[in-house]
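# Tertiary structure, described
Next come the chains, spelled out residue by residue.
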Amino acid sequence: MEYIILLGGLLVFALVGFWMMGRVDRFLNAARAEQEGRQHAECLKIAASDPCVMQPVFKTVSALKEQHPDLWCELSFGREAEVLGCLSTGNVDVAILPGETGGGATFESRDFLFSPVSFRAVEDCTTLSSIDTSVRRQRVLLKQNTSASLAAEFVQRICEQKP
């Protein structure tokens, strides 16, 4: 009798494990399909050294998203040397640095002005604001002869914005 109860418990345990593995497999397949969908979407990678510049970046990306509904944007922050290094290695498409930063001969650069304003970084709980609200000049860099027309369109649109 003990063996039958033990065998029944083992069978129930195996069936529950089999059911759980099926659920995990479906979840992983859905996550993989979503990741593959992102890889096929248009992706724009932007790096900046000043987090306050993200407000005009968000505005520009929102405007681009109207014309490119598949647009996926990756934003990152770092020190100036790190951002420039990422642009050099091709890890980002566009770099936004302080206006006095030199881009060198390998990068196209354009300047734009923006006034830091407070904006919500996370819905209903975090506001990002700058203590210094004076107009700032930023330099947008991208590789010369870049084949990424989306990056060139982003640069053109952000430079057209008024501070």
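Look up: the structure comes first, before these words.
Below, the structure is looked at part by part.

## Some words on the side chain of Arg136
Structurally, the position occupied by Arg136 is in strand S7 (residues 136-143). The residues touching Arg136, leaving out its near neighbours within four places in the chain, are Asp50, Cys52, Phe112, Leu113, Phe114, Pro116 and Ser130.

## Considering the sheet that holds strand S1 (residues 43-48)
Reading across from one edge, S2-S1-S3-S7-S4 is the order of the five strands in this open sheet, with mixed pairing throughout. Sheet topology places strand S2 (72-77) and strand S4 (107-114) at the edges, where each strand pairs with a single neighbour. On average, adjacent strands in this sheet sit at an angle of 20 degrees to one another, irrespective of strand direction. As defined by bridge partners, S4 adjoins S7 across eight bridges and the pair is classed as antiparallel. When the bridges of S7 are listed, Phe114 appears paired with Arg136. Across the face of the sheet, helix H2 (residues 54-67) comes into contact with S1, S2, strand S3 (94-98) and S4 while running at roughly 170 degrees to S2.

## Describing the side chain of His68
Within the secondary structure, His68 is located in the loop between H2 and S2. The exposure class of His68 is buried, given its relative accessible area of 16%. Setting aside residues no more than four positions away along its own chain, His68 makes contact with Glu42, Leu150 and Glu153.

## Re the nonpolar core
Leu44, Val94, Ile96 and Phe154 are the most contacted members of the largest nonpolar core, which totals 22 residues. Among the elements of the structure, S1, H2, S3, S4, S7 and helix H4 (149-160) are those that each provide at least two residues to this core. When residues of this core are assigned to their parent elements, the largest contribution, six residues, is made by H4. In contact with Leu44, other than residues within four places in its own chain, are Leu64, Leu71, Trp72, Cys73, Glu74, Asp93, Val94, Leu150, Ala151 and Phe154. One finds Ala47, Val92, Leu97 and Phe107 within the second-largest nonpolar core, a separate group that totals eight residues.

Cut-offs used in this document
- Residues numbered from 1 in each chain as written.
- Predicted model: local features only at pLDDT ≥ 70, side-chain atom pairs only at ≥ 80, totals over all residues.
- Heavy atoms only, no water.
- Helix = DSSP H or I, 4+ residues; strand = E, 2+ residues; numbered from the N terminus.
- Contact = heavy atoms within 4.5 Å.
- Pairing = 2+ DSSP bridges.
- Axes fitted to C-alpha atoms, helices over the stretch in contact; angles between N-to-C directions.
- Buried < 20%, exposed > 50% of the residue type's maximum accessible area, 1.4 Å probe, protein only.
- Core = buried A, V, L, I, M, F, W, Y, C linked by side-chain atoms within 4.5 Å.

No statement about biological role is implied by the geometric values presented.
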